[in-house]
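# Geometric and topological summary
Chain by chain, the residues:
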Amino acid sequence: MPRITLVAACAVLGLIAVVGAFAEDPPRQKSARPSASKDAIAGHETFSADELDHWAYRPVERPPVPAVRGRGWAVNPIDAFILAGLEEAGMAPAPAADRVALLRRVTFDLTGLPPTPEETAAFLLDRSPDAYERLVDRLLASPHYGERWGQHWLDLAHYADTNGFELDAERPDAWRYRDWVINALNRDMPFDRFAALQIAGDDLEPGDPRALIATGFCRSGPREVVGGNVIPEVKRQTELAEITGTVGSVFLGLTIGCARCHDHKFDPIPTTDYYRLQSIFAASELEDVPIASPAEVEAYKKASKAVAEKTAPLRSAMAKLEAPYREKLKAAKMSMLTPEERVIVSTPEKARTPEQKKLAKGLETSLRITWEEVAEAVAANPGDHAQREELKRQIDSIERTLPRPPAHAMALVDRKDKVEDVFVLRRGDYRNRGPKVAPRPPGIVLASQRRPIFAITPRGQKTGRRAAFASWLTARDNPLTARVIVNRMWQHHFVRGIVATPSDFGVRGEPPSHPELLNWLAAELAANGWNLKPLHRLMVTSAAYRQSSAANPKYAADDPDNLYLSHMNRRRLDAESLRDAMLFVTGGLTSKMHGPGVLAPLEKAIKDLIFTEQEVVDLWPLDPNPAEHTRRSVYLFRKRNVRYPLLDAFDSPDTQTACPRRETSTHALQALVLMNSDFAVQQARTLAEVALAESGPAARERIKDLYKRVLCRAPTAAESARAEKFLALQTDLLRRETAGNAPANPGESAAHAAWADLAQALLNCNEFLYVP
């Protein structure tokens, strides 16, 4: 029987209808596709043959490697699939990329950094047949691999070191999750385990702090943590919606968040399924779990006590200085009250009537003296203002000696109180409850798996919901998980995914350009223990990956988006790789890994945008060690509402939502940042200093050294001559500009400044900014 006929027959017989796991689920729905109406939303779903036959829900089956005519070109099975498509379309692959281009490409792809001049020379001299394969193995073994691919994963988790929203408060332990991701990838943790621990690490490996930290994936998005008039039910729903939507898009490649308020408009995901998936996480709470040793806690208490003792006299002096100003401010506010309000304020709380108590709360807010008011009042007296500022600086200086608080895991754990029931919320409104639902993955996926039941096994105080979901997510018969992750890997190596919408495998997403290849890669991943590094190796050693990025103009009309991959896709460095590469070629990149986010120098105009409710001496206190400022970008402190100009200009994600694919914009601000920012100018000066100090005295040798550092190649004769001419003209121009005037940078000669200008020109050229 043809496949589609068999699926249709099963649907008619009810064999692939999804059956609920719990008795409290609503009764079976008879319609083929439930609507969002009050009556229809109550039922179980059945799915049509067309819905079940969507490519993403079909079982992952390893297809045979196609036979192709151009066998001499194909290096591994990937090439056979690519070449089969090219031959069918009447196309041919591009020639192989030159060795320098290939070296830069694979080094940036696997580590996010350029090769050193020494590495370039060694690779060009190595003519052994397996030279490239050994290069790939070395890069995959590098700790920089985890930093590079960790950033890709953090984009999906929309990781940041702060909560976002108005206060954007710091998350002091968020970095532990970032470090866990980097370490897990460097160890080549199997992806099924990598995924499962981020969903249910606390349940799967109880007592292991690292497993707790792994659940930080569910905590990485923005979170509103404020006092005041935030409705608890709204806050809870916002948190659960963040987790549900992120898990659905990142691991399943489904826009399940679109079914929160109504049935999904395009995919077979009814609102009931959205809340069933949410129910899996509704048994959990967001908690910062202590993981510090008793010795660490005791040491922090001791240090805190010492700091409090040192600052106590300073705080007393400040309170004494501010007292008359506070009294005056209070008197002014009291004078604005009505006689009735003064009576309420003067009446003891226990003696107030219920009405007076209600009014008193509002009056307390009106009479509160803020630090802004005190600071403004004291500023009118220069002497007191100077004294107060000095006291603030002294207190701040002492408090900075305090070590970081004892370690916590920013985790998702099962609730200690009664597990809340989950109801369908019509239109997403917590006040408009629909039927109660039980925890379960999306029905369309269960139906495609022929799974009638989603079994949950509670263990002790653990509900087992997230552990059961993690087990289902990484099961061999799940049609989505392996396809989604191998597609993400392909996207980062080939610029465009086999599915161009990496977090939307639904009917409105792009269909796969090479569906058989996608299935083969997914099957290969699962068959080889879910390890990612072997699949990376397979991709980057393929002939398809090693092609030149020069397009054949004959194919432009028929394949403008290069879907058939007749040449390699050229791409611009992403924001973090650009910053890291600029530091790397100057020799200034600090190789230190891990630890709390680093506060690197920030332009004053950006720093002034930081919001605070408290009086702070320095809103962006730089790390006192300058070497920390030049660490890799993945270790920079990520504040959601304050972004580094260079990273912002070159399309670094805003961390407000999961980022499955970075856009590549082109605008004038990018050129201005690379030419005028403090960071870019400093890197150019440093690069010039390194070239002048480490190469020979001849200008031509120094020019050659600059080119090798920045572009991984020697300059051509024409480029060398042009650079020498530029240096002569620029030196003469700078000498004439500074004649009789103070130089822009005291201590820097015109000749040295000209070399810095040449270095900056190289750092701005497309050959540096783009990976061929």
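Residues numbered from 1 in each chain as written. Predicted model: local features only at pLDDT ≥ 70, side-chain atom pairs only at ≥ 80, totals over all residues. Heavy atoms only, no water.

## A few points about the environment of His629
By the element assignment, His629 lies in the loop between α24 (604-607) and α25 (645-649). Here the alpha-carbon distance between His629 and Ala649, two residues 20 residues apart in the chain, equals 19 Å. In contact with His629, not counting residues within four places along its chain, are Arg579, Val598, Leu599, Ala600, Pro601, Leu622 and Asp623. (Helix = DSSP H or I, 4+ residues; strand = E, 2+ residues; numbered from the N terminus. Contact = heavy atoms within 4.5 Å.)

## Section: the nonpolar core
Core analysis: the biggest nonpolar cluster contains 123 residues, and Trp153 and Phe281 have the highest contact counts within it. When residues no more than four places from it in sequence are discounted, the contact partners of Phe281 are Ile199, Cys218, Arg236, Leu240, Ile243, Val247, Leu412, Arg466 and Phe469. Within the second largest apolar cluster, 48 residues are counted, among which are Leu578, Phe650, Leu674 and Leu769. (Core = buried A, V, L, I, M, F, W, Y, C linked by side-chain atoms within 4.5 Å. Buried < 20%, exposed > 50% of the residue type's maximum accessible area, 1.4 Å probe, protein only.)

## Some words on the environment of Ala308
Position of Ala308 relative to the elements: it lies in helix α13 (residues 294-335). Since its relative accessible area comes to 43%, Ala308 is described here as partly exposed. Distance in space between the C-alpha atoms of Ala308 and Leu402 is 10.0 Å, their sequence separation being 94 residues.

## Let's talk about the packing of aromatic side chains
Counted according to the given criterion, the structure contains 18 aromatic pairs. Aromatic pair Trp490 and Phe494: ring centres 3.9 Å apart, planes at 15 degrees, arrangement stacked. Residue Trp490 and its partner Phe494 are both found in helix α20 (residues 481-494); the two are separated by 4 residues, about one turn of the helix. Accessibility expressed as a relative area gives 4% for Trp490, which makes it buried. Through pairs of rings, three or more aromatic residues link up here, namely Trp153, Tyr177, Trp180, Phe191, Phe194, Phe217, Phe251 and Trp530. Its guanidinium or amino end placed over the ring of Tyr545, Arg105 lies 5.7 Å from that ring's centre, counting from NZ or CZ. (Phe/Tyr/Trp six-rings, centres within 6.5 Å; stacked < 30°, edge-to-face > 60°. Lys NZ or Arg CZ within 6 Å of the ring centre and 35° of its normal.)

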